[in-house]
Amino acid sequence: MRVLMIAPPGAGKGTQGAVVAEHFGLDRITIGDLLRRNVAEDTELGRRVQPTLARGELVPDDIVLELTRQGLAAAKAAGRGYVLDGVPRTMAQALAAYRIGLRLRMTADVALHLAADDDELLRRLLNRAGTEHRADDNEPVIRQRLRFYREVTEPVLQFYARRRILLTVDAQRPLEAVSADVIAALRERAAGLAPR
Ligand code: ADP
């Protein structure tokens with residue numbers, strides 16, 4: 001199974017992505033973690049993207065698309081599916097990721113959308129700010145990330161709806177309840193897919 005995760009910040013994309021990868025034996029490609037790891041290790045890439053990450057803005061497409069391509073190529077080489085978390089955030093990234101998938105014969109067969117409203121997300125992210133100390137978890141940056149998601153990322157869901165691979169799960173519930181729904185919905189979807 002090949003899964004794209006699309007969700008606003010704070011919806012639990014990272015947590016649910018890990019659960020899905022573990023449950024179905026998929027490679028996990030988490031763009032935000034890869035970028036933050038580069039910052040923590042002070043690589044050349046990390047030094048380039050650090051200020052952008054701290055402002056909660058998008059790092060250039062060439063960087064995230066190259067990380068995507070590497071992740072898909074590695075999954076293909078291992079003979080596994082994947083959970084891609086972080087791409088796409090824009091329509092341009094959706095199209096580029098689709099082209100990368102086509103070239104590798106690794107296009108997604110499910111776009112998993114976690115839905116939650118802004119009040120709940122703001123509350124969760126401010127809570128996380130107190131424990132995780134991510135550079136982008138402060139109120140003005142959180143509000144800007146949420147606004148960007150609503151204006152630019154959310155409309156991309158239409159693209160997956162038209163391709164008939166969109167799966168929406170209500171993420172405004174406790175983690176375990178969301179995980180149970182996500183796994184059940186993906187199982188059902190996987191049963192309808194040709195074996196890979
Ligand atoms: P969240 O979903 O909570 O905002 P992520 O870990 O997915 O957190 O992303 C953190 C940051 O990494 C983003 O605010 C952005 O700066 C950068 N980033 C992640 N994915 C992308 C992407 N597809 N395009 C551009 N920048 C990205």
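Computed from a prediction, not measured in an experiment: that's the story for all the values here. All residue numbers refer to position in the chain's written sequence, counted from 1. Totals for whole chains, interfaces and linings use every residue, but because this is a predicted model, local features are given only for residues with pLDDT of at least 70 and side-chain atom pairs only at 80 or more, for both listing and counting. Excluding hydrogens and water, the side-chain values take into account all heavy atoms of the structure.

1. Observations concerning the sheet that holds strand E5 (residues 166–170)
Line of reasoning, step 1. DSSP-based pairing: two strands are paired if at least 2 bridges between them are found. Numbered from the N terminus, helices here are DSSP runs of H or I no shorter than four residues, and strands are runs of E no shorter than two. The strand order across the open sheet built from five strands is E2-E3-E1-E4-E5, with neighbouring strands paired in parallel fashion. At either end of the open sheet lies a strand with only one pairing partner, and these are strand E2 (27–30) and E5. Strand-to-strand twist of the sheet, defined as the mean angle between neighbouring strand axes without regard to direction, takes the value 20°.
Line of reasoning, step 2. Strand direction decides the pairing type here: strand E4 (residues 110–115) and E5, joined by five bridges, are parallel. When the sheet's bridge partners are listed, Ala 115 is paired in E5 with Asp 170.
Line of reasoning, step 3. Of the strands in this sheet, strand E1 (2–6), E2, strand E3 (82–85) and E4 are in contact with helix H1 (residues 13–24), which crosses E3 at around 175°.
Line of reasoning, step 4. The strands touched by helix H9 (residues 175–191) are E4 and E5; relative to E5, the strand with the most contacts, the crossing angle is about 160°. For helices, the fitted line uses only the C-alpha atoms of the stretch in contact; every axis is such a line through C-alpha atoms, and the angle between N-to-C directions lies from 0 to 180 degrees. In this analysis, two residues are considered to be in contact whenever any of their non-hydrogen atoms come within 4.5 Å of each other.

2. Notes on the pattern of salt bridges
Should their charged atoms come close, side chains of opposite charge can pair.
Line of reasoning, step 1. One speaks of a salt bridge when a side-chain nitrogen belonging to Lys or Arg is within 4 Å of a carboxyl oxygen belonging to Asp or Glu. In the structure shown here, the tally under the stated rule is 17 salt bridges.
Line of reasoning, step 2. Residues Asp 118 and Arg 150 are paired through a salt bridge, measuring 2.8 Å at the closest nitrogen-oxygen approach. Of this pair, Asp 118 sits in helix H6 (residues 118–132) while Arg 150 sits in helix H7 (residues 139–153); the two residues are 32 residues apart in sequence, bridging distant segments of the chain.
Line of reasoning, step 3. Each residue gets one of three labels from its accessible area relative to the maximum for its type: buried under 20%, exposed over 50%, partly exposed in between, using a 1.4 Å probe on protein chains only. We classify Asp 118 as partly exposed; its relative accessible area is 32%.
Line of reasoning, step 4. Given the relative accessible area of 24%, Arg 150 is considered partly exposed.
Line of reasoning, step 5. Two residues, Arg 150 and Glu 154, come together in a salt bridge whose shortest N-O distance is 2.9 Å.
Line of reasoning, step 6. What makes Glu 154 partly exposed here is its relative accessible area of 27%.

Geometric descriptors of this kind do not, in isolation, establish any biological role.
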